[in-house]
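# Working through the structure, step by step
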Amino acid sequence: MADPHAPRDGVSALLGPTNTGKTHRAVERMLDYDTGMLGVPLRLLARELYERISARIGEARVGLLTGEEKRLPVTARYFVCTTESMPLDRDVDFVAVDEIQLASHRQRGHIFTSRLLYARGRCETWFLGSTSAEPIVRELVPTAKIVDHPRFSVLRDAGQCSLGRLAPRSAVVAFSAAEVYRLAERVRQRHGGVAVVLGALSPRTRNAQVDLYQSGEVRHIVATDAIGMGLNMEIDHVAFAGLRKFDGTGDRLLHPAELAQIAGRAGRYRNDGSFGTLAPQPRLEPAVARAIEEHRFRPLSQVQWRNEDLDFRSVERLAVSLRRPPPRRCLVLPDNADDEQALRWLSARASVRARCNHPDDVELLWELCQVPDYQKLLVDHHVELLEELFVQLTESTGRLADDWLAEQLRPLDDTSGGIDRLMARLGFVRTWTFITHRRNWVRDPPGWQARTRELEDRLSDALHEALIRRFVATTATRTDGASKTPARARPEPSLRGDAWHQPLAALAELSPAVDTPREASDAEFFDAVEHADDAAFELDRTGAIVYSIADRPDRRLATLAPGRDWLTPQVLLCPSFELPGGQRARVTRRLTTWLRDQVRRLFSPLFDAPTEDIDDRCRGLLYELAQAAGALSRRQVDRRRQRLGKTHRAWLRRRGITFGDGNVYVRRAWQRDALALRWTLTRVFFPPLPPQLRFAARSIADCRQIPDQPLAALGYARFGRVALRVDHGDRLLSALRRDPPQTEQTLAAVCQRSVGLAPRRLREFLRHWKSPAAGRD
């Protein structure tokens, strides 16, 4: 039952350090009422509370709402939500919002401020958080009753400890995935096994890793600051391996209040806990350690705010209304928020501006700007996805095409590869899960949501198994916590013997112990990489980006993994590089930019076409060519071509577009270097191709095993079971038109000489070429 001494009427703020039972009290109070709603900052925490409440009162009475998951039984009386997903139009008796101090967060703070101003229960409202939020609560909700809650147990500074002396039931905290992996490997070698928790994990994987730790199968956990909110585990000691993190703009020191949020995971309920640093990180400054022990932090004086009365009459009016000045001095506008940045980028694109003809279109554009970029790579890549979504959603159907959506999900349905590869796929699945949960964006929301949930579950299970293989010892675990010989994890199976079918798998599976030897520290080396000229990078046929400069041995930097489409792969740095989160992100962006520029050169007539003074007919043809890997059959464009005047065709030819006898194509995209890039990108994105396929072959005698999309990406046009490389096939058709052979023998000789086509395939090629259905559909 709820605490009888806790406040019951109006608005209350329950403030205090971690381990004070605030969230538990809020759950109990909510269940005292007939209806209620609880908003929490993380999907992981929302799922944890949902499962706890469901187990107690039954799933039929509880709803779950997050950006990526919605479970809303018609009989639901209580709703657990992420803060952004709280349905404030739903009238309930009780409302609680957790971690209200996040109102000062640079990106999300305005959401928490909005909840503080407007989220109210019919009978009672609670705001939970740190005591640092008290001045803001008093300023914005002057009628709120402030209730302080002391910590149940003592939290003390234990100073610095070495890895070898790290006690059981300890959590090591780092602030980048690469650092977590490096430390987890060291803990595994010294202590026999370790669980791993990162914010990018799905709830399913996170729960499985936490269960490893809670069950005692492993005695240590290595995590990012994701453990700082809502993960209630039996941790005795928290050791900080670093005190800096990348916050989206640069590396910075963590504030004492942020350190306290994480350190507070140690010592649950009545059990005391300790915190400190892991050597070689120096121990915390005495003033910082004392502030954490006593929970005394600088109070918040300002929080983020955004105008909610937006003007959708035009993109320009929307931008102005977003920057409307706040009504109070304690409220500040978000600085360079992700969604506003996406709006600026999208509104600069001609295809977007041409479709913003009604307030509903502008409102849809703003909704799309709030689709999260879970990969955190280049803005360009994310904006290109949003642009495609907007174009499709403003077509006559107003829905995403099922075939297109299925094609985006297809490469993600793959549980092979190592940890980085699986986490990358999970990130993409999270994006598509978010999209399928938007109102009226897809034709069959329940079906697509089930599909993405199934993908997430399979990838989550595979990721959990990969984490176990890498970081959990398979030899007998000792009970005394000491050993003369470090336990070794079972190695992941090598895929080098099947390198043709999985050319990147072996690279992705490399552990830190077998990476390229370091010539200098990673940080120093990558300072040079960040500022290197484009000529210093090469992409080999296996999909690895190599740093290659004179007088120094080549060094592999990253591998490619499937991205949103075959032209926009992900860049994954080798996991062994010891880089802080900020530098790792900058290097990834540098390599992604370089790769994007290589692809743009591949299709330069399509990407570099000016947006002004270009006829819509030309723009439409360029768009279709970009969607079709640079080539369209003549039959596909003949009707449009008849509408193109001589001036239009001349302009397109100057841009490098060839109007051939069989195809209209981008001439540059079939040069030798472009074919090599196509070959590599195709093998990264699409399933294994037939082993008999040769690079840049003029023809493929039997292409039945190759699906249409990878065949087009490789640069071929299909004619029945025969495929011809677009440029060579067009030369053959041109030669046949100019000088038709008089005999079959002469025809066979021409085909053999032009495209290496065997005589037995000649008749089939000619039959499909002359058929009205010919061409690449």
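Residues numbered from 1 in each chain as written. Predicted model: local features only at pLDDT ≥ 70, side-chain atom pairs only at ≥ 80, totals over all residues. Heavy atoms only, no water.

### Overview of the overall build of the protein chain
Regarding its fold elements, the protein chain presents 28 helices and 28 strands. Within the protein chain, the fraction of its 777 residues that count as buried is 57%. For the protein chain, long-range pairs separated by at least 24 residues make up 69% of all intrachain contacts whose partners lie at least 6 apart in sequence. Just so you have it, the protein chain exposes about 34200 Å², and 49% of that area is on carbon and sulfur atoms. (Helix = DSSP H or I, 4+ residues; strand = E, 2+ residues; numbered from the N terminus. Buried < 20%, exposed > 50% of the residue type's maximum accessible area, 1.4 Å probe, protein only. Contact = heavy atoms within 4.5 Å. Areas by Shrake-Rupley, 256 points an atom, 1.4 Å probe, with all protein chains shown as cover.)

### Concerning the sheet that holds strand β28 (residues 722–725)
Here we have three strands laid out as an open sheet, ordered β26-β28-β27, and antiparallel in their pairing. Looking along the sheet, the strands with just one partner apiece sit at the ends: β26 (699–700) and β27 (716–719). Relative to β28, β26 runs antiparallel, the two sharing two bridges. From the neighbouring strand, Ile 700 faces β28, where its bridge partner is Ala 723. The strands touched by helix α26 (residues 726–738) within the sheet are β27 and β28, with β28 carrying the most contacts at an inclination of about 95 degrees. (Pairing = 2+ DSSP bridges. Axes fitted to C-alpha atoms, helices over the stretch in contact; angles between N-to-C directions.)

### Quick look at unusual backbone geometry
Cis rather than trans, the peptide bond between Ala 279 and Pro 280 has omega equal to 10 degrees. Mapped onto the fold, Pro 280 is located in the loop between β16 (273–278) and α8 (286–294). For Glu 99, which is not a glycine, the phi torsion comes out positive at approximately 55 degrees. You can see Glu 99 is positioned in the loop between β6 (94–97) and α3 (109–118).

### Some words on helix α2 (residues 43–57)
Compared with an ideal rise of 1.5 Å per residue, which puts 15 residues at 21 Å, α2 spans 21 Å between its outermost C-alpha atoms and is within 8% of the ideal. Regarding α2, the residues found buried are Arg 43, Leu 44, Leu 45, Ala 46, Arg 47, Glu 48, Leu 49, Tyr 50, Ile 53 and Ser 54. A positive phi of about 100 degrees marks Gly 58, the residue just after α2. (Expected span 1.5 Å × (residues − 1).)

### Re the nonpolar core
Among the nonpolar cores identified, the biggest contains 72 residues, and Phe 537, Leu 557, Trp 566 and Leu 591 are the most heavily contacted of them. If you tally residues by element for this core, the top one is helix α24 (residues 672–685), at eight residues. Filtering out sequence-adjacent residues up to four positions away, Leu 591 remains in contact with Phe 537, Ile 545, Leu 557, Ala 558, Val 571 and Leu 573. Ranked by size, the runner-up nonpolar core spans 65 residues in total, among them Ala 184, Leu 322, Cys 369 and Leu 459. (Core = buried A, V, L, I, M, F, W, Y, C linked by side-chain atoms within 4.5 Å.)

### Section: the environment of Arg 244
Tracing the backbone shows Arg 244 in strand β14 (residues 244–246). Overall, Arg 244 belongs to the partly exposed group, its relative accessible area being 47%. For the pair Arg 244 and Ser 176, spaced 68 residues apart in sequence, the C-alpha separation works out to 9.8 Å. Residues contacting Arg 244, with those up to four places away along its chain left out, are Phe 175, Asp 251, Arg 252, Leu 253 and Leu 254.

### Some details on the packing of aromatic side chains
Overall, the coordinates contain 10 aromatic pairs when judged by the stated rule. Note on Phe 94 and Trp 126: the rings are 5.6 Å apart at their centroids and 75 degrees apart in plane angle, and the pair reads as edge-to-face. Placement of Phe 94 in strand β6 and of Trp 126 in strand β7 (residues 124–129) is noted, with a sequence separation of 32 residues between them. Here Phe 94 falls in the buried class, since its relative accessible area comes to 0%. Put simply, the rings of Phe 525, Phe 526, Phe 537, Tyr 547 and Trp 594 touch in pairs and so form one group of aromatic residues. Cation over ring: Arg 169 sits above Tyr 213, and NZ or CZ is 4.0 Å from the ring centre. (Phe/Tyr/Trp six-rings, centres within 6.5 Å; stacked < 30°, edge-to-face > 60°. Lys NZ or Arg CZ within 6 Å of the ring centre and 35° of its normal.)

### Brief notes about helix α9 (residues 315–322)
Taken as a whole, α9 has its buried residues at Val 315, Leu 318, Ser 321 and Leu 322. Buried residues in α9, looked at end-on, bunch into an arc of 125 degrees, giving them a common side. In the core, the buried residues of α9 are packed alongside α10 (338–347) and α12 (359–369). (Arc of directions from axis to C-beta.)

### What about the environment of Pro 203?
By the secondary structure assignment, Pro 203 is in helix α6 (residues 203–214). Under the relative-accessibility criterion, Pro 203 is labelled buried at 1%. Sequence separation between Pro 203 and Ala 46 is 157 residues; the distance between their C-alpha atoms is 9.7 Å. Not counting residues within four places of it along the chain, the set of residues in contact with Pro 203 comprises Arg 43, Leu 44, Arg 47 and Glu 456.

### Thoughts on the packing of helix α15 (residues 419–436) against helix α16 (residues 445–471)
Any two packed helices are characterised by how steeply their axes cross, that is the angle between the axes, and by the distance between the axes. Contact geometry of α15 with α16 gives a least axis separation of 9 Å together with a crossing angle of 160 degrees. As the angle between them shows, α15 and α16 are arranged roughly antiparallel. The element α15 and its partner α16 pack so that their crossing is left-handed. (Parallel < 35°, antiparallel > 145°, perpendicular 65-115°, else oblique. Left-handed = near helix turned anticlockwise from the far one by under 90°.)

### Structural notes on the environment of Gly 662
If you trace the backbone, Gly 662 turns up in the loop between β24 (657–659) and β25 (663–666). Taking relative accessible area as the criterion, Gly 662 reaches 15% and is therefore assigned buried. Considering only alpha carbons, one finds Gly 662 and Ser 734, 72 residues apart in sequence, at a separation of 8.1 Å. Those residues in contact with Gly 662 that sit more than four places away from it in its chain are Leu 632, Ser 633, Arg 634, Asp 730 and Leu 733.

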